[in-house]
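Descriptive analysis of the structure
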Amino acid sequence: MSLTGGNRNDVTQLMPLIKTIPPVRGRRGRPRQRPDAIYADRGYDHDKYRRLVRQVGITPFIARRGEEHGSGLGVHRWVVEQTFALLHWFRRLRIRWEIRDDIHEAFLRLACAIICFRRMVNLQLC
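These lines cover the structure that appears in this document, whether it is placed above or below. Just so we're clear, the structure is a prediction, and the values are computed from it rather than from any experiment.

A look at the nonpolar core
- Listed in full, the 10 residues of the largest apolar core are V11, L14, M15, I18, A40, Y44, Y49, V53, I58 and I62.
- Where this core is concerned, the elements lending two or more residues are α1 (14-19) and α2 (47-55).
- Sorting elements by how many residues they give to this core places α1 first, with 3 residues.
- When residues no more than four places from it in sequence are discounted, the contact partners of I18 are R34, I38, V53, V56 and I58.
- Ranked by size, the runner-up nonpolar core spans 7 residues in total, among them L86, L93, L108 and A111.

Some points on the packing of aromatic side chains
- Considering all chains together, one arrives at 1 aromatic pair under this definition.
- Between Y39 and F61, the ring centres sit 5.1 Å apart and the planes meet at 15 degrees, which makes this aromatic pair stacked. Linking Y39 in strand β1 (residues 37-40) with F61 in strand β2 (residues 59-62), this pair joins segments that are 22 residues apart in sequence.
- Look at Y39 and you get partly exposed, because its relative accessible area is 32%.

Calculation notes
Residues numbered from 1 in each chain as written. Predicted model: local features only at pLDDT ≥ 70, side-chain atom pairs only at ≥ 80, totals over all residues. Heavy atoms only, no water. Core = buried A, V, L, I, M, F, W, Y, C linked by side-chain atoms within 4.5 Å. Buried < 20%, exposed > 50% of the residue type's maximum accessible area, 1.4 Å probe, protein only. Helix = DSSP H or I, 4+ residues; strand = E, 2+ residues; numbered from the N terminus. Contact = heavy atoms within 4.5 Å. Phe/Tyr/Trp six-rings, centres within 6.5 Å; stacked < 30°, edge-to-face > 60°.

By themselves, these observations are geometric and do not establish any function.
As structure tokens, then:
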């Protein structure tokens, strides 16, 4: 997650967010440094950003503007939309009332921790 100003375009944070992805662990050997693919909606549809993502070694799957809906990316994008819906359970995060960004970021991290804890309890992992 990253926190920006209220009227910033999301696509400006695409490359900084990709650069902060931690190594992908799971198998023996050297961990992968980047994911294989990235799924994005029409807001990220620009050849410049497709090229930048490819240079990092990630395959971009970005919906094209002006085409019909039904590109198939919704199968993967629902995870992101569901996360936004879960974060909106916390009324304080729906509209940013805090002037200081560190306080808002603290509430955002706390909400993420609560969501993860609830998921673990539901799966009976703790």
